[in-house]
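Inside the fold
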Amino acid sequence: MIIRNGGADRLPSENPSSDDRDDLDYRERLPRVRIVRRIRSLCSLGTVRRRIHVLQWLPKYHVQYLLSDVIAGVTVTLTAIPQSIAYGILANLQPQDGIYSNLVGCFMYFLFGSVKDVTVAPTSIMAIMVQGVVLRLGPGAALLTLLAGAVTFLFGVLNLGFLVRFISMPVITGFTTAACLTIGSAQLRSLFGISSKGKGSDFIDAWENVIHNIGQTRLWDTLLGFSSIAFLVIFRLTKVCGRGKWKVFFKYLSLLRNALVVIIGASLAYAFSLEGIEPFKLTGHVEPGVPPFHVPPFSITNNGTHYAFGDMISVMGTSIITIPLVSILEIISIGKAFSKEKIVDATQEMIALGMCNLAVAFTSPLPVAGSFTRTAINNSSGVRTSLGCAVTSIMLLLALALLTDAFYFIPKATLASVVISAMIFMVDYRGIAEIWRVKKLDVIPLVGTVIACLLLGLDYGILIGTAINCCFLLYLISAPTITMESVLLDSSCHTLLVRPATDLTFSSAEYLRDRIMRAVTEAYDAPIDVVVLDGAGVNFVDTTVAKNLLCVETDLRAKEVGLVLWRWSRATAGALVRLDRNFLPLLRDDKELGEVVRSWREV
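Scoring rules and cut-offs
- Residues numbered from 1 in each chain as written.
- Predicted model: local features only at pLDDT ≥ 70, side-chain atom pairs only at ≥ 80, totals over all residues.
- Heavy atoms only, no water.
- UniProt positions renumbered as here; feature names shortened; annotations may be inferred.
- Axes fitted to C-alpha atoms, helices over the stretch in contact; angles between N-to-C directions.
- Helix = DSSP H or I, 4+ residues; strand = E, 2+ residues; numbered from the N terminus.
- Left-handed = near helix turned anticlockwise from the far one by under 90°.
- Contact = heavy atoms within 4.5 Å.
- Nonpolar A, V, L, I, M, F, W, Y, C, P; charged D, E, K, R; others polar.
- Buried < 20%, exposed > 50% of the residue type's maximum accessible area, 1.4 Å probe, protein only.
- Expected span 1.5 Å × (residues − 1).
- 1 Å grid on protein atoms, 1.4 Å probe; cavity = no way out; pocket = protein on both sides within 12 Å on 5 of 7 lines; lining within 4 Å.
- Points joined across faces, edges and corners; volume = space filled by probe spheres on them.

The protein chain is annotated in an unreviewed UniProt entry as STAS domain-containing protein from Culex pipiens pipiens. UniProt, in the comment section headed Subcellular location (unreviewed entry), describes the protein chain in these words: "Membrane".

Here is the structure:
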C-alpha cells in the first residue's frame, strides 16, 4: 500500500511512527461551533451598545455638524411629505399612514442605522407589495409589517445577509423595471381623475380599469397631472444647469421640485374652493396629531369577512419573505452607493431595518425601506450624521400638528405625477444596456423577472426570477469545466490527464464519470493506459462524488486502465478514504506528471 508523506510515496512500516499515524489520519476535522458562546455574545452588554449605533457616534458629536444636519433634515422633509402621502394612498391606506411610517422609521434609523446618508421611509415598491394585503385585511396588514420586521431582524442577528447574493443584477434590474411599470400604471387612475378603483392595482388590473372606465376621465385632473409631470421632469434636468450661484440655485430648485409642485397644486385647489369650485379630486382629510399606538391584530374582521391568524398568514403568502429580501436589498445597495469607500455593516443595516419595521407596525401597516430619492437629497444637502433622520422625524411631527388642513387640498393628480415622474427615472436604462452588451444570456432572467412580476405580482416575480437564475447556476454546477488532455509520456504509456476546474458536488458526479469513461472508450487510435485525475482545483467533494469515483475506478479496472488521483488536498482525499480505504493507493502528490506515471508503473 502506498501512502503520501511530504510529496514522497513509500510503504508504511509494520509499526508506524507518530508521523505515519498522522499521515494516515483522514478523519473529518469539523470546525468547532460554540453555540453557547455565540448566544452569550449576542446578549452581552457590549453587543447591545454596539448595535444601538447612536451610542457609538453621539458621544463624539461635534456642534459644528448641527447646522448641516438640520438643513438636510428639513430639505428631506419637504420631499418626504408629498411622497409619503402618495405612497400611503398607493398602498390603499389613509394619507397620514404614509407620514406615520416615515416618522417612526426615520427615528428608529436614527437610533440603529450605521450609514449617515441613508433615509428610511415608505417607498413605492413597499407600497405596491402590500396594497393587495391591505385591500383584504385593512388595518390587519400591520401584522405583515411586524412579521417582515421580525424576519429582517432575525436575518441580521443570524448573519443571513448572504441570501441576498442569490438575487443577481439581471433579476434586480428586471424587478425594478417591472415595479416602475406596475407603480406607474397604478397611478393612471388618479392621473386621469377616474373614480373606479378596479379589481386591484397590479399592472394588468390597472390598465384594464383605465381602459374600461376611460369615459370617467376628468379634464382638469388630466391637465394638472400631465402639467405636473412636465414640471417635475424639466426641473429634475435643471440640476446641472448654470454656473456659480445659479448652479446652486438650480440644484436646490431641483431638490425641492416635489414640494413645489404639491404647493402649486394645493394653492390652485384652495383658490378654486374659495369660489365654490372643485375641479380636482383632492386628498381629503388627514388625521392631525401624533401617530396612534395600535398593537398589530392577530385576527381581524374586514368588510364582513373574519380572518383568523392562519387566514391572515395565507393572505400574506410569500410577502412575509419577499418584503424583507427586497427591503434588505434596497437598504444595503443604497448604503453602498452613498458610503463611498467606507465598508457598510450589512448585519447592522438589517438589524436597523428590522427594528424600524417592528416599530412602524404599531403605528401604520405600511413597511419602510431605504429610499434612494430621499437618501440622495440627504447626501447632497450635506448631512454629517444620522441626526438628520431625527430632524426629519421632528419636522414630520410638526407637519402633522400644524399642516394637516393644507394637506386636504393636495390634488390626487399632483401626487400621482410625483410618483410617475419618480418611476420614469428609476428604470435602470443603462443597466439593461450593460446586461445586453456584457452577457446576452442574462437577458433571459431579466425578461423572465419582468414578465413574471407584471403577470403574477412583484413578490412572485422576484422569486421566479431568482429561480430562473438559480437554474443557470445549477447547470453550471452540474456541468463544470473539465479539461482532458491525452499525453504520451513515452512510447508505451498513454495517459489521459483530467482537470476539473471547480469543486465537485452530487450534481456533477455523474457528469464527471461519463466524461472520463467516454474519453477512455472513444480513444481508438491510442488506447489509454492510465487516467490521472488532477485535484488541484478541487476543494470540496461529497459522498455522491466519492461513490462515483469508486465506480470509475471499478469500470477502468475492468478495461485494464489505471486510475491515479494526483494533487488532492487532505480534505478532499479524506472524504474519499473515509468511504473506502482502497483509495489510499491511488493518491499521489508528486510535483511532475511524469513522476506520477512512473511511480504508478512501479507498483
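**Considerations on the packing of helix 7 (residues 124-137) against helix 15 (residues 309-316)**
It is the contact of helix 7 with helix 15, at a shortest axis distance of 9 Å, that shows an interaxial angle of 150°. The handedness of the crossing between helix 7 and helix 15 is right-handed. For the pair helix 7 and helix 15, contact is made by Val133, Arg136 and Leu137 and by Met312, Val315 and Met316, respectively. Residues belonging to the contact of helix 7 with helix 15 are distributed by class as follows: 5 nonpolar, no polar and 1 charged.

**A look at the UniProt feature "transmembrane region" (unreviewed entry) in the protein chain**
Here the UniProt feature "transmembrane region" (unreviewed entry) sits at residues 141-164, 171-192, 219-237, 249-272, 312-332, 387-409, 415-432 and 444-477. The distance separating the terminal C-alpha atoms of residues 219-237 is 27 Å; by composition the span is 100% helix and 0% strand. The span residues 312-332 is 90% helix and 0% strand, and its two end C-alpha atoms sit 29 Å from each other.

**Notes on the side chain of threonine 123**
You can see threonine 123 is positioned in the loop between strand 3 (120-121) and helix 7. On the basis of relative accessible area, threonine 123 is assigned to the buried category, the value being 8%. In this structure threonine 123 touches Tyr87, Glu330, Ala369, Gly370 and Ser371, once residues within four positions along its chain are discounted.

**Re helix 14 (residues 257-274)**
With 18 residues, helix 14 should reach 26 Å at 1.5 Å per residue; the first-to-last C-alpha distance of 26 Å fits that figure. Buried residues of helix 14: Arg257, Asn258, Ala259, Val261, Val262, Gly265, Ala266 and Ala269, and no others. Those residues of helix 14 that are buried lie in contact with helix 5 (66-90), helix 12 (219-237), helix 13 (245-255), helix 20 (404-407) and helix 21 (412-426). Positive phi shows up at glycine 276, right after helix 14, with a value of about 75°.

**Section: empty space enclosed by the protein**
Applying the stated criterion to the full structure yields 1 cavity of 30 Å³ or more. As for the largest cavity, its lining consists of Arg189, Ser190, Gly193, Ile194, Asp221, Lys281, Lys412 and Ala413. Looking at the lining of the largest cavity, the elements that each hand over two or more residues are helix 10 (188-192) and helix 21.

**Describing the packing of helix 9 (residues 169-186) against helix 23 (residues 443-456)**
Direction vectors running N to C along helix 9 and helix 23 enclose 30°, while the axes themselves pass 8 Å from each other. Handedness of the crossing formed by helix 9 with helix 23: right-handed. Contacts between helix 9 and helix 23 involve Pro170, Val171, Thr173, Gly174, Phe175, Thr177, Ala178, Leu181 and Thr182 from the first element and Pro445, Leu446, Thr449, Val450, Cys453 and Leu454 from the second. Class assignment of the residues belonging to the contact of helix 9 with helix 23 gives a composition of 10 nonpolar, 5 polar and no charged.

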